[in-house]
Amino acid sequence: MSQTILDRIKAYKLEEIAADKAAHPLSEVEAAAKAAPPVRPFAAALHRAAQRGYGLIAEIKKASPSKGLIREDFDPPALARAYEAGGATCLSVLTDTPSFQGAKAYLEAARAAVGLPCLRKDFMYDTYQVAEARALGADCILIIMASVSDAQAAELEAAATEWGMDALIEVHDAPELDRACVLKSGLIGINNRNLNTFETSLDTTRQLVRRVPEGRQIVSESGLNSPEDLAEMARYGVRSFLIGESLMRQPDVTAATRALLANPAMGAH
Ligand SMILES: O=C(O)c1ccccc1NCC(=O)[C@H](O)[C@H](O)COP(=O)(O)O
């Protein structure tokens, strides 16, 4: 069977983690995590924003496997400030280099420039990466159910909790959602993008939302482009969003963020 993009990412990530562990032993990373600035509440900020209007996790994303280079003029602290000025609730910062041209330093720099809680957007397989995320200042980690076993997901989630961080549990189909619901995290991200084919459809959120148990906070992720998209998701009770490309393509990121959030649809929460 041919390798999927997630297989390829996993293969190089495991090599990267091994190299990182050799260069920076866990004890060193844990010491840095303990010395990191205090955690900013991520899920709580999103919840509050979604009650008043929309919760927005605005993503700092230079490139992607599906689109190649997205934004040439790429200054993470400036983009973080632009998102904050536009009304974003939280930031997501890609720290993966081979596929997204991200960097760990981007997370540190973006977070230091603003007061917003930050997600380390990466492919997590090892609790070493969770400690590293905290050392970089992350307030939340991503757990992609398509790329980890149930045991790995539980271990990553427990490590995030131990470090005081939140975990966004990402799913793309019903079996992944059922596995995610066994975890404790209240934050469920429904990714509208199939990470193997790159096909993006808001139908993914429309279909999965009804299977999410009461009390979980849903974040619709990927392929959201306009106030109309957000209003459509709000019709399904989803008021929190993770958006990268459509904002990253705008010359004025503050104005684009402000325009996206200007007139939230009211109604279902
Ligand atoms: O964005 C991709 O092409 C991609 C490919 C393979 C794995 C993950 C990928 N993206 C990660 C994300 O989930 C998105 O960056 C995020 O949800 C924002 O999506 P968008 O608003 O469509 O940039």
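Residues numbered from 1 in each chain as written. Predicted model: local features only at pLDDT ≥ 70, side-chain atom pairs only at ≥ 80, totals over all residues. Heavy atoms only, no water.

**Here we look at the pairing of strand S5 (residues 118–121)**
Neither face of S5 is open: one carries Cys-118 and Arg-120, the other Leu-119 and Lys-121, and all of them are buried. Inspection of the sheet shows strand S4 (residues 90–94) paired to S5 by four bridges, in the parallel sense. Its bridge partner being in S5, Ser-92 is matched across the sheet by Leu-119. With respect to chirality, the unit in which S4 leads through helix H5 (residues 104–113) into the neighbouring parallel S5 is right-handed. Pairing analysis gives two bridges linking S5 to strand S6 (residues 140–144), with the strands arranged parallel. (Buried < 20%, exposed > 50% of the residue type's maximum accessible area, 1.4 Å probe, protein only. Helix = DSSP H or I, 4+ residues; strand = E, 2+ residues; numbered from the N terminus. Pairing = 2+ DSSP bridges. Right-handed = clockwise from strand over helix to strand, strands pointing away.)

**Things to note about the pattern of salt bridges**
In this structure the tally under the stated criterion is 19 salt bridges. Its salt-bridge partner being Arg-134, residue Asp-139 comes within 3.9 Å of it at the nearest N-O pair. Exposure remark for Arg-134: the relative accessible area of 3% places this residue in the buried category. In this structure, the salt-bridge partner of Arg-206 is Glu-232, at a minimum N-O distance of 2.9 Å. Taken together, the positions of Arg-206 in helix H9 (residues 203–208) and Glu-232 in helix H10 (residues 227–235) put the pair 26 residues apart, joining distant regions of the chain. On the basis of relative accessible area, Glu-232 is assigned to the buried category, the value being 19%. Several salt bridges converge on common partners, so that one network encompasses Lys-13, Glu-16, Asp-20, Asp-96, Lys-104, Arg-120, Asp-122 and Glu-132. (Salt bridge = Lys/Arg side-chain N within 4 Å of Asp/Glu carboxyl O.)

**A short note on the nonpolar core**
One finds Ile-60, Tyr-83, Leu-91, Ile-141, Ile-143 and Leu-168 to be the most contacted residues of the largest nonpolar core, which totals 87 residues. Every residue in contact with Ile-141, bar those within four places of it in the chain, is listed here: Leu-119, Arg-120, Met-124, Val-130, Ala-133, Leu-156, Ala-160, Met-165, Asp-166, Ala-167 and Leu-168. (Core = buried A, V, L, I, M, F, W, Y, C linked by side-chain atoms within 4.5 Å. Contact = heavy atoms within 4.5 Å.)

**Some remarks on the environment of Phe-241**
Along the polypeptide, Phe-241 turns up in strand S10 (residues 240–243). Linking Phe-241 and Arg-179, residues 62 residues apart in sequence, is a C-alpha distance of 21 Å. If sequence neighbours within four positions are ignored, Phe-241 has contacts with Tyr-54, Gly-55, Leu-56, Ile-57, Val-219, Ser-220, Leu-224, Leu-230 and Met-233.

**Some points on the UniProt feature "domain: Indole-3-glycerol phosphate synthase" (unreviewed entry) in the chain**
UniProt's feature table lists "domain: Indole-3-glycerol phosphate synthase" (unreviewed entry) at residues 6–260, given in the numbering used throughout. Along residues 6–260, the helical share is 45% and the strand share 17%, with 31 Å between the first and last C-alpha atoms. (UniProt positions renumbered as here; feature names shortened; annotations may be inferred.)

**Focus on H10**
Looking only at H10, the buried set comprises Asp-229, Leu-230, Glu-232, Met-233 and Ala-234. Contact partners of the buried residues in H10: H9, strand S9 (217–221), S10 and helix H12 (253–261). Phi turns positive one or two residues past the end of H10, at Gly-237, with a value near 85°.

**Quick look at the site of the ligand**
Neighbouring the ligand are 19 residues; Glu-59, Lys-61, Ser-66, Arg-193 and Ser-222 lie closest to it. Here an oxygen atom of the ligand and a backbone polar atom of Gly-244 are 2.8 Å apart. Here Glu-245 contributes a backbone N or O atom positioned 2.8 Å from an oxygen atom of the ligand. Coverage of the ligand by the protein amounts to 98% of the 510 Å² it exposes when considered alone. (Near = heavy atom within 4 Å. Polar contact = N/O pair within 3.5 Å; in protein donor to acceptor, adjacent residues only side chain to side chain. Areas by Shrake-Rupley, 256 points an atom, 1.4 Å probe, with all protein chains shown as cover.)

**Looking at the sheet that holds strand S1 (residues 55–60)**
Here we have eight strands rolled up into a closed barrel, ordered S1-S4-S5-S6-S7-S8-S9-S10, and parallel in their pairing. Put simply, the sheet's adjacent strands are angled 25° from each other on average, direction ignored. The strands that helix H4 (residues 76–86) touches are S1, S4 and S10; relative to S1, the one it contacts most, it runs at about 160°. (Axes fitted to C-alpha atoms, helices over the stretch in contact; angles between N-to-C directions.)

**A word on the environment of Ser-185**
Here Ser-185 is to be found in the loop between helix H8 (174–180) and strand S8 (187–191). Distance from Ser-185 to Asp-203, taken between C-alpha atoms, is 24 Å for residues 18 residues apart in sequence. Residue contacts for Ser-185: discarding those within four places in its chain leaves Glu-157, Ala-167, Ile-169 and Arg-216. Within polar-contact distance, the side chain of Ser-185 engages the backbone nitrogen of Leu-187 at 3.2 Å.

**Thoughts on unusual backbone geometry**
Not every positive phi belongs to a glycine, and Gln-101 is a case in point at roughly 55°. Looking at where Gln-101 falls in the secondary structure, it is placed in the loop between S4 and H5. We note that Ser-222 has phi near 80°; this positive angle belongs to a residue other than glycine. For Ser-222, the location among the structural elements is in the loop between S9 and H10.

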